[in-house]
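# Examining the three-dimensional arrangement
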Amino acid sequence: MVIDAAVIARWCDAAASIDAQATIARLQDEIATEVRRQRPLCVSSGKCCGFEAHGHRLYLTGLETAWTWARLERRPSVREVEAAMAGGSCPFLASGCSIHGVRPPGCRIYFCDRDPAGWQSALAERCHHEIRSLHERLDVPYRYAEWRSLLAGFAAGETAS
Ligand code: SF4
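What comes next concerns the included structure. (Residues numbered from 1 in each chain as written. Predicted model: local features only at pLDDT ≥ 70, side-chain atom pairs only at ≥ 80, totals over all residues. Heavy atoms only, no water.)

## Points about the overall build of the protein chain
Looking only at helices and strands, one finds 8 helices and 2 strands in the protein chain. The globule rule puts the C-alpha radius of gyration for 161 residues at 15 Å, and the 15 Å found for the protein chain is close to it. Dimensions of the protein chain, computed from C-alpha atoms along their principal axes, come out at roughly 45 × 35 × 25 Å. The burial tally for the protein chain puts 42% of its 161 residues in the buried class. Sequence-distant contacts, at least 24 apart, represent 81% of the contacts inside the protein chain between residues at least 6 apart. (Helix = DSSP H or I, 4+ residues; strand = E, 2+ residues; numbered from the N terminus. Rg over C-alpha atoms; globule rule 2.2 N^0.38 Å. Buried < 20%, exposed > 50% of the residue type's maximum accessible area, 1.4 Å probe, protein only. Contact = heavy atoms within 4.5 Å.)

## Things to note about the site of the ligand
The ligand sits among C49, F51, C90, F92, L93, C97, I99, R103, C107 and W147. Of the residues contributing to the shell around the ligand, the split by class is 9 nonpolar, no polar and 1 charged. (Near = heavy atom within 4 Å. Nonpolar A, V, L, I, M, F, W, Y, C, P; charged D, E, K, R; others polar.)

## A word on the pattern of salt bridges
Scanning all chains against the criterion turns up 10 salt bridges. For E30, the salt bridge identified is with R126, shortest N-O distance 2.9 Å. One end of the pair, E30, is in helix α2 (residues 18-38); the other, R126, is in helix α7 (residues 119-138), with 96 residues separating them in the sequence. Residue classification places R126 among the partly exposed positions, given a relative accessible area of 39%. (Salt bridge = Lys/Arg side-chain N within 4 Å of Asp/Glu carboxyl O.)

## Some remarks on the nonpolar core
Among the nonpolar cores identified, the biggest contains 40 residues, and I3, W11, F92, W147 and F154 are the most heavily contacted of them. Those elements that provide at least two residues to this core are α1 (5-15), α2, α4 (62-71), α7 and α8 (147-160). Ranked by the residues each element gives to this core, the list is headed by α8, at 6 residues. Each residue touching W11, except ones within four places of it in the same chain, is listed here: I3, G62, L63, A66, H135, V140, P141, R143 and F154. (Core = buried A, V, L, I, M, F, W, Y, C linked by side-chain atoms within 4.5 Å.)

## Examining the environment of L123
As for its position among the elements, L123 is in helix α7. In this structure L123 comes out as buried when scored by relative accessible area, which is 4%. Once the C-alpha coordinates of L123 and G106 are considered, the two residues, 17 residues apart in sequence, prove to be 9.7 Å apart. With near-sequence residues (within four places) excluded, L123 lies in contact with I31, E34 and I109.

## A short note on unusual backbone geometry
One non-glycine residue, R39, adopts positive backbone phi at about 50°. For R39, the position within the fold is in the loop between α2 and α3 (51-54). With relative accessibility at 70%, the residue R39 sits in the exposed group. With phi around 55°, D139 is a residue other than glycine that occupies positive phi space. Secondary-structure assignment places D139 in the loop between α7 and β2 (144-146).

## Focus on the packing of α4 against α8
α8 packs onto α4 with a crossing angle of 60° between their chain directions and a minimal axis gap of 10 Å. The angle between the axes of α4 and α8 places the two elements in the oblique class. In the packing of α4 onto α8, the handedness of the crossing is right-handed. Side by side, α4 and α8 meet where G62, T65, A66, T68 and W69 of the first sit next to W147, L150, L151, F154, A155 and E158 of the second. Of the residues contributing to the contact of α4 with α8, the split by class is 7 nonpolar, 3 polar and 1 charged. (Axes fitted to C-alpha atoms, helices over the stretch in contact; angles between N-to-C directions. Parallel < 35°, antiparallel > 145°, perpendicular 65-115°, else oblique. Left-handed = near helix turned anticlockwise from the far one by under 90°.)

## Regarding the packing of aromatic side chains
This model, assessed by the stated rule, comprises 4 aromatic pairs. Measuring from centroid to centroid gives 6.0 Å for W11 and F154, while their planes differ by 10°, and the two rings are stacked. Of this pair, W11 sits in helix α1 while F154 sits in helix α8, placing them 143 residues apart in sequence. Three or more aromatic residues joined by ring pairs form one cluster here, namely W11, W69 and F154. One Lys or Arg, R132, reaches over the ring of Y142 and ends 4.0 Å from the middle of that ring. (Phe/Tyr/Trp six-rings, centres within 6.5 Å; stacked < 30°, edge-to-face > 60°. Lys NZ or Arg CZ within 6 Å of the ring centre and 35° of its normal.)

Everything listed here is a matter of coordinates, which is why it stays silent on function.
This is the structure:
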């Protein structure tokens, strides 16, 4: 995905704002509380991050991606992101999530465990609504796209700068 460097810069500035940091921290707390309450089964199968093999896709906004991007100790190159796409998984999947502490909200909500009550989709919808409102408050472009395509755009921007 080609993303204008100026748009990435705006997302990164917005992600560093007090509003974004407070909103994302609050959402993470709320997600953690709900996950503790629901107690989904996790056997570390890796299904949540092995997208193609398990028919799962992670969609995020540019602002959420910028939040994680700013916190990465090591940022992936375009080649690494593309290799992960070709392999059907996330570039941060190692023996588990290699960026566990700074993984985006969508990764914190999704569990492959059965969810007959629909709590995951309800929580994902509520969080997404809040993130969308955050884009509006901070007056930054709204883009909702597949995680690795956003990462590829950020990595390409880094190479170009
Ligand atoms: S960032 Fe981590 S939790 Fe999210 S999809 Fe990638 S490996 Fe999985």
